[in-house]
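Each chain, letter by letter, is given below.
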Amino acid sequence: MSDSIVLLAKQPGLTSFSSLRNVKKAMNTTKVGHTGTLDSFAEGLLVVCTGHYTKLCGQITAFDKSYEAVIHFGSETDTLEYTGSVIKNAPFPSEEDLKKAVEKWTGPVMQKPPAFSAIHVDGKRASDLVREGKSVDIEERPVTIFSSEITEIKYAEASDEKLVEYAKIRFSVSKGTYIRSLARDIAESCGTAGYLTGLFRTRVGNFRVEDAAGYSFLENFNIENACKKEAEYKASLKDLPVTKSKKADKPQELQLQKEIWDLRQDVTFDLAKTCGFETVNLANKIAADSFKNGKPIRSSMFDKSLWDFPNECTVAVFERDEFMDDEDFVGLINKNAEGKVSYGFVIN
């Protein structure tokens, strides 16, 4: 069964693309897509779609997300995380200023994405243009920070007053939010500079990292472990001996592949509702053939009227398999703000 949704706990130090290798092996398919890239230094939940379900990637990418982030104050890098070069230094903020800044950057805000990003400018990735030495100006865009909570603080040691060197903050955000930019903006609001020392994605929509294959391989996400990973990276650039985090060995890879297979999910009524979709069955075989062939959508094709669903919703469509006594997922329908329905996609 290559058509599946797989929750994968990405390890830090790997690209999102390379993290899919074990999914491809476990599912015996090359048709794999993830729903929202995590930077190489980051860790946490990747929602992966395989086979025909790769058509769901765009829908899941649009879900709200939750993160835990460790911000290092006092410096800013060009990439806004620890693998970049320092471009600015500033004093550490007070705890009170930090709390005010976090409160300021909660709710609907205008955010300027980082120059080092996959956003396309004039047909090329912004990050590629920056590496070519070109100047990139990306317009601000509206995003929403639904909630922000400071959960851990490490104070600067060489200070008579309590100044914040590191803070771990839990964020719940809308699609398109860059936590790297949020770290920069919070730091600037404190009158200082900052970059990410660690980033951990914990939720995508209603999918949670605790339910992901490989979750047990992740270290506790806290300031100490985030600083350790940054120190390991910087030592490796200087070719210094370091005690690196244990890499996945063959038995661990095999265990991960087994977890991927065991935890794979088909799109069922329950999973569709978890994704926030409405659900409907095709009325009969004739209706199923009409739907799969892309004929005009009519309420008579389904076991309930599409007009009973709210506007601006997505409807997961199923075909009843009487012999197996279950439903097969066959596609999505979109209903816009005016109540007009259209095909999302169809699985033939």
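For the structure itself, consult the block above.
To start, this report covers the structure provided alongside it. As the structure is a computational prediction, the values presented were derived from the model and not from experiment.

## Let's talk about the packing of aromatic side chains
Next up, step 1: The tally for this structure, following the rule as stated, stands at ten aromatic pairs.
Next up, step 2: With a centroid separation of 5.2 Å and an interplanar angle of 45°, the aromatic rings of Phe291 and Tyr343 are classed as tilted. Of this pair, Phe291 sits in helix H10 (residues 285–292) while Tyr343 sits in strand S17 (residues 341–346); the two residues are 52 residues apart in sequence, bridging distant segments of the chain.
Next up, step 3: Given a relative accessible area of 26%, Tyr343 falls into the partly exposed group.
Next up, step 4: Every member of this aromatic cluster is reached through a ring pair, and the members are Tyr53, Phe269, Phe318, Phe329 and Phe345.
Next up, step 5: Positioned over the ring face of Trp261 is Arg264, at 3.6 Å from the centre of the ring.

## Description of the environment of Asp328
Next up, step 1: With respect to the helices, strands and loops of the structure, Asp328 is situated in strand S16 (residues 326–335).
Next up, step 2: A relative accessible area of 35% means that Asp328 is categorised as partly exposed.
Next up, step 3: Asp328 sits 60 residues away from Thr268 along the chain, and the two C-alpha atoms are 7.6 Å apart.

## Re unusual backbone geometry
Next up, step 1: Phi angles above zero are rare outside glycine, and Asn28 is one such case at about 55°.
Next up, step 2: With respect to the helices, strands and loops of the structure, Asn28 is situated in the loop between helix H2 (21–27) and strand S2 (32–34).
Next up, step 3: With relative accessibility at 71%, the residue Asn28 sits in the exposed group.
Next up, step 4: With a phi angle near 70°, Leu80 is a residue other than glycine that sits in the positive phi range.
Next up, step 5: If you trace the backbone, Leu80 turns up in the loop between strand S5 (75–77) and strand S6 (86–89).
Next up, step 6: For Leu80, a relative accessible area of 5% corresponds to the buried category.

## A few points about the sheet that holds strand S14 (residues 278–281)
Next up, step 1: Strand order in this open sheet of four strands is S14-S15-S16-S17, and the pairing throughout is mixed. Each edge of the open sheet is held by one strand with a lone partner, namely S14 and S17. Pairwise comparison of adjacent strand axes, ignoring direction, gives a mean angle of 35° for this sheet.
Next up, step 2: Looking at chain direction, strand S15 (residues 313–321) and S16 are connected through nine bridges and run antiparallel. In the sheet register, Thr314 faces S16, and the bridge partner there is Asn334.

## Re the nonpolar core
Next up, step 1: Core analysis: the largest hydrophobic core is formed by 42 residues, its most contacted members being Phe171, Ile179, Ile186 and Ile260.
Next up, step 2: Apart from residues lying up to four places away in sequence, Ile260 is in contact with Val6, Leu8, Asn22, Val23, Ala26, Met27 and Ala213.
Next up, step 3: Within the second largest apolar cluster, 34 residues are counted, among which are Cys57, Ile60, Leu218 and Phe345.

## Notes on helix H6 (residues 179–189)
Next up, step 1: For H6, the buried fraction is high: nine of the eleven residues fall into the buried class.
Next up, step 2: The set of residues buried in H6 consists of Ile179, Arg180, Ser181, Leu182, Ala183, Arg184, Asp185, Ile186 and Ala187.
Next up, step 3: Phi for Gly191, located one or two positions after H6, is positive at around 80°.

## Re the pattern of salt bridges
Next up, step 1: Considering all chains together, one arrives at 16 salt bridges under this definition.
Next up, step 2: Here Glu219 makes a salt bridge to Lys229, at a shortest N to O gap of 2.9 Å. With Glu219 in the loop between strand S13 (207–208) and helix H7 (223–237) and Lys229 in helix H7, the pair connects residues that are ten residues apart, well separated along the chain.
Next up, step 3: Put simply, Lys292 and Glu319 hold a salt bridge, and the shortest N to O gap is 2.7 Å. You can see Lys292 sitting in helix H10 and its partner Glu319 sitting in strand S15, a full 27 residues away along the chain.
Next up, step 4: In this structure Lys292 comes out as partly exposed when scored by relative accessible area, which is 27%.
Next up, step 5: Because the salt bridges share partners, they merge into one network encompassing Glu68, Glu149, Lys168 and Arg170.

## Regarding H7
Next up, step 1: Between the first and last C-alpha of H7 there are 22 Å, a value that for 15 residues agrees with the 21 Å anticipated at 1.5 Å per step.
Next up, step 2: Ile223, Asn225, Ala226, Cys227, Lys229, Glu230, Glu232 and Ala235 are the residues of H7 that are buried.
Next up, step 3: Turning to H7, the residues buried within the fold contact strand S3 (43–50), strand S4 (65–73), strand S10 (141–155), strand S11 (164–173) and strand S12 (194–204).

Rules behind the numbers
- Along each chain, numbering runs from 1 in the same order as the chain's sequence is written.
- In keeping with the predicted nature of the model, local features appear solely for residues at pLDDT of at least 70, side-chain atom pairs appear and are counted solely at 80 or more, and the whole-chain, interface and lining totals rest on all residues.
- As a rule here, side-chain values come from all non-hydrogen atoms in the structure, and water together with hydrogens is ignored.
- Each aromatic pair joins two rings of Phe, Tyr and Trp (for Trp, the six-membered one) with centres within 6.5 Å, and gets the label stacked for planes under 30 degrees apart, edge-to-face for over 60, and tilted for any other angle.
- Only DSSP runs of H or I covering at least 4 residues are called helices, and only runs of E covering at least 2 are called strands; the numbering of each starts at the N terminus.
- Relative accessibility decides the category of a residue: with a 1.4 Å probe and only protein chains considered, values under 20% of the type maximum give buried, values over 50% give exposed, and everything between is partly exposed.
- In this scheme, Lys NZ or Arg CZ marks a charge over a ring once it lies within 6 Å of the ring centre and within 35 degrees of the ring normal.
- Should DSSP find at least two bridges between two strands, the strands are regarded as paired.
- Structural elements are reduced to axes, namely lines fitted to C-alpha atoms, with helices fitted over the stretch in contact, and the angle between N-to-C directions of any two is expressed from 0 to 180 degrees.
- Nine residue types can take part in a nonpolar core, namely buried Ala, Val, Leu, Ile, Met, Phe, Trp, Tyr and Cys, and a core is a set of them joined through side-chain atoms within 4.5 Å.
- Two residues form a contact once any of their heavy atoms are found within 4.5 Å.
- Salt bridge, as used here: a side-chain nitrogen of Lys or Arg that lies within 4 Å of a carboxyl oxygen of Asp or Glu.
- Between the first and last residue of a helix there are one fewer steps than residues, each counted as 1.5 Å, and that sum is the expected span.

What is shown is where atoms sit, not what they do.
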